[in-house]
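# Structure assessment
What follows is each chain in one-letter form.
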Amino acid sequence: MITATLIQTRISWFIFDSILLVGLFFLSRFPFKQLLRELRFWTIFLFILFLFQSLFTPGLRLHSFPWLPVSKEGLLLGGLTCWRLGLILGYAVVFTAVTRPRELRDALIWILKPIPTLPERRIGLMVSLALRFFSCTLDQAEEVRLAHRARLGDRNRNPFRRIKFTALPILRRSILQAEDVTLALVARGYREDMPLKLSKIPFSHLTTLIIFLGALIGVWFLV
Amino acid sequence: MPVEKLRMVVLASLMAGLMAVGAYIHVPIGPVPIVLTNLFVLLAGLLLGSRWGIASAGLYLFVGAIGMPVFYGGKGGLAHIFGPTGGYLFGFVLCAWMAGFISERIRHRFGGEILAVIIGLLIIYGLGVPWLKMVAKMSWSKALMVGMIPFLIGDAVKAIVAIVLARAVRPMLNRQMQTVSTLTPTLSHQREREKNNDRN
């Protein structure tokens with residue numbers, strides 16, 4: 001729903017999305033410093049994008065600052081583009097930071113269950129395995145990096161050797177781990193037709209969702 | 001589910017996990033750092049083939065779409081996919097399929113693998129640069145300057161390393177496959193015995 005509103009070009013939608021983001025940010029109790037840290041790289045990208053748009057878009061020069069090589073249209077276009085991208089990134093950061101992987105996986109299986117052709121259990125298994133491998137491999141990557149450093153490997157400037165000596169041990173260990181997981185699944189008799197136990201959505205969450213949906217429909221008709 | 005299929009499901013999940021890890025590993029070369037996601041996308045295609053390669057890249061995209069922080073810089077969410085770098089992310093899926101398809105057709109010959117990674121990388125840029133141009137409303141020259149030229153050297157390095165890694169790891173995967181194949185009859189016999197015991 002939020003993505004649908006972000007595709008719109010009217011400023012009123014941008015204001016609605018910004019207010020909603022600020023509200024969600026305060027509700028999530030996400031630390032402001034961490035948000036700034038997460039968006040640090042993107043701020044540079046957005047600034048470069050803004051400069052490109054304002055410097056190279058043809059149009060009228062500013063009356064107050066005629067010596068500035070920027071156009072009015074460029075400033076407007078650059079500002080709107082950066083605003084939209086900033087909102088997209090803000091939503092992505094807040095949502096990622098406050099949702100648990102298990103909740104996401106359960107929601108995913110619940111959403112995919114009514115679709116007859118999709119193997120929702122297999123997709124759920126793959127998602128949970130990918131997340132598990134992700135965290136395990138990050139630990140392994142750190143171990144390999146420290147071992148590499150202990151052998152003074154970090155002094156080597158050759159990028160081929162650096163990638164090879166980082167990626168190859170991680171890959172080998174990960175494949176062995178994957179084989180262990182396969183055998184463990186087989187040994188436990190993994191089946192896709194087992195009954196599914198999903199936790200129910202709390203009443204308070206349902207109420208918030210209905211209020212949010214009502215506000216969205218209201219704004220849609222007002223705009 | 002057959003053991004071979006379950007094994008491919010686990011390996012595709014592993015490659016998706018590695019793609020996510022690749023987004024966190026930076027190798028600093030010059031002003032633009034190398035991020036290893038492309039490397040693992042190519043590797044998924046080369047090692048798992050077209051079908052499971054596209055499954056692993058699709059899974060990576062899917063995990064990112066549902067909000068997990070698996071994209072570059074620890075980002076995730078549907079909004080990120082439709083952001084400026086979304087074209088590259090969709091390009092990963094096609095890249096894994098194409099790399100796997102070519103690699104399967106030429107039966108893992110060295111020259112063919114080089115062709116597979118080059119075409120795979122071209123697909124990523126073929127989707128990523130026009131997407132960047134469209135979302136960021138840039139001109140073609142600017143989009144190429146921001147989204148392709150600075151990454152070419154890094155990608156060439158990654159393509160070579162992907163081939164080296166694929167050739168180093170493939171014998172190990174084949175060996176493991178043989179082990180699993182020998183294990184399959186044993187397990188099926190065991191299950192049949194259990195069923196018979198239940199009936200009795």
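One can find the structure itself at the top, above this paragraph.
Predicted model, so just to flag it, every value in this text is computed and none were measured.

Analysis parameters
Residues numbered from 1 in each chain as written. Chains lettered and ligands numbered in written order. Predicted model: local features only at pLDDT ≥ 70, side-chain atom pairs only at ≥ 80, totals over all residues. Heavy atoms only, no water. Helix = DSSP H or I, 4+ residues; strand = E, 2+ residues; numbered from the N terminus. Buried < 20%, exposed > 50% of the residue type's maximum accessible area, 1.4 Å probe, protein only. Contact = heavy atoms within 4.5 Å. Areas by Shrake-Rupley, 256 points an atom, 1.4 Å probe, with all protein chains shown as cover. Buried area = accessible area lost by both parts, 1.4 Å probe. Salt bridge = Lys/Arg side-chain N within 4 Å of Asp/Glu carboxyl O. Polar contact = N/O pair within 3.5 Å; in protein donor to acceptor, adjacent residues only side chain to side chain. Core = buried A, V, L, I, M, F, W, Y, C linked by side-chain atoms within 4.5 Å. Domains from an automatic or database assignment. Phe/Tyr/Trp six-rings, centres within 6.5 Å; stacked < 30°, edge-to-face > 60°. Patch = residues over 30% accessible without salt bridge, like charges linked within 9 Å, V, L, I, M, F, W, Y side chains within 5 Å. Expected span 1.5 Å × (residues − 1).

### A closer look at the overall build of chain A
Counting its regular elements, chain A contains nine helices and zero strands. If you list the helices and strands of chain A from N to C, you get α-α-α-α-α-α-α-α-α. Per-residue burial over chain A gives 35% buried out of 223 residues. Taking contacts inside chain A between residues at least 6 apart in sequence as the whole, the part at least 24 apart equals 63%. Counting only carbon and sulfur atoms, one obtains 67% of the accessible surface of chain A, whose full area is about 14500 Å².

### Some thoughts on the environment of Phe50(A)
Residue and element names in this part refer to chain A. Residue placement: Phe-50 occurs in helix 4 (residues 40-56). Considered as a pair, Phe-50 and Thr-81 are 31 residues apart in the sequence and their alpha carbons are 7.9 Å apart. Not counting residues within four places of it along the chain, the set of residues in contact with Phe-50 comprises Leu-75, Gly-78, Gly-79 and Cys-82.

### So, the interface of chain A and chain B
Each side of the interface is counted separately: chain A has 58 residues, and chain B has 63 residues. Roughly 5500 Å² of surface becomes buried between chain A and chain B when both sides are summed, with 83% attributable to carbon and sulfur atoms. Contact with chain B buries area across many residues of chain A, yet Met126(A), Ile163(A) and Leu171(A) alone supply 11% of it, more than any other trio. At the junction of chain A and chain B, the tally comes to one salt bridge. When the shortest N-O distance is used, the salt bridge between Glu179(A) and Arg7(B) registers 2.8 Å. Inspection of the region where chain A meets chain B yields one residue pair in polar contact (both at pLDDT 80 or more).

### Here's the deal with the nonpolar core
Residues Val127(A), Leu171(A), Met19(B), Leu39(B), Leu43(B), Tyr60(B) and Leu165(B) are the most contacted members of the largest nonpolar core, which totals 113 residues. Take this core: its biggest share by element is 15 residues, from helix 2 (residues 37-65) of chain B. In this structure, this core is formed jointly by two domains, domain 1 (2-98) and domain 2 (105-187) of chain A, each of which donates at least three residues. When sequence neighbours within four positions are dropped, the list of residues in contact with Leu171(A) reads Leu18(B), Phe40(B), Leu43(B), Leu165(B) and Val169(B).

### A few points about the packing of aromatic side chains
We describe a pair of aromatic rings using the distance from one ring centre to the other and the angle between the two ring planes. All names here are of chain B. Within the structure shown, the criterion is met by ten aromatic pairs over all chains. Between Phe-90 and Trp-131 the ring centres are 5.5 Å apart and the planes differ by 40 degrees, which places this aromatic pair in the tilted class. Pair noted here: Phe-90 is in helix 4 (residues 86-105) and Trp-131 is in helix 5 (residues 110-136), with a separation of 41 residues, a long-range link. By relative accessible area, Phe-90 is classed as partly exposed at 32%. Ring centres of Trp-97 and Phe-101 lie 5.1 Å apart, and the angle between their planes is 20 degrees; on these two criteria the pair is classed as stacked. Here Phe-101 and Trp-97 lie together in helix 4, a separation of four residues that amounts to about one turn. Judged by its relative accessible area of 31%, Trp-97 falls in the partly exposed class.

### Here's the deal with the pattern of salt bridges
All names here are of chain A. Applying the stated rule across the entire model yields six salt bridges over all chains. Its salt-bridge partner being Glu-142, residue Arg-145 comes within 2.9 Å of it at the nearest N-O pair. In this pair, Arg-145 and Glu-142 are both assigned in helix 7 (residues 120-150), three residues apart and thus about one turn of the helix distant. Assessed through its relative accessible area of 39%, Arg-145 is described here as partly exposed. The residue Glu-143 makes a salt bridge to Arg-173 at a minimum N-O spacing of 2.8 Å. Of this pair, Glu-143 sits in helix 7 while Arg-173 sits in helix 8 (residues 159-187); the two residues are 30 residues apart in sequence, bridging distant segments of the chain.

### A word on a nonpolar patch on the surface
Residue and element names in this part refer to chain B. Where nonpolar side chains cluster on the molecular surface, the patch consists of Ile-54, Leu-78, Phe-82, Phe-90, Leu-94, Trp-97 and Leu-127 and spans about 550 Å² of accessible area. Among the structural elements, Ile-54 can be located in helix 2. The class of Ile-54 is partly exposed, set by a relative accessible area of 30%.

### What about the side chain of Arg122(A)?
Topologically, Arg122(A) is positioned in helix 7. For Arg122(A), a relative accessible area of 17% puts it in the buried group. Setting aside its immediate chain neighbours within four residues, Arg122(A) contacts Tyr190(A), Glu192(A), Met1(B), Lys5(B) and Val9(B).

### Some points on helix 5 of chain B
Under the 1.5 Å per step criterion, the end-to-end length of helix 5 of chain B is 39 Å for 27 residues, consistent within 8% with the ideal 39 Å. Directly beyond the C-terminal end of helix 5 of chain B, a positive phi value near 50 degrees is found at Lys137(B).

### Some thoughts on the environment of Pro69(B)
Residue and element names in this part refer to chain B. Structurally, Pro-69 is set in the loop between helix 2 and helix 3 (78-81). On the basis of relative accessible area, Pro-69 is assigned to the partly exposed category, the value being 21%. Spatially, the C-alpha atoms of Pro-69 and Ala-20 are 8.3 Å apart, while their sequence positions differ by 49 residues.

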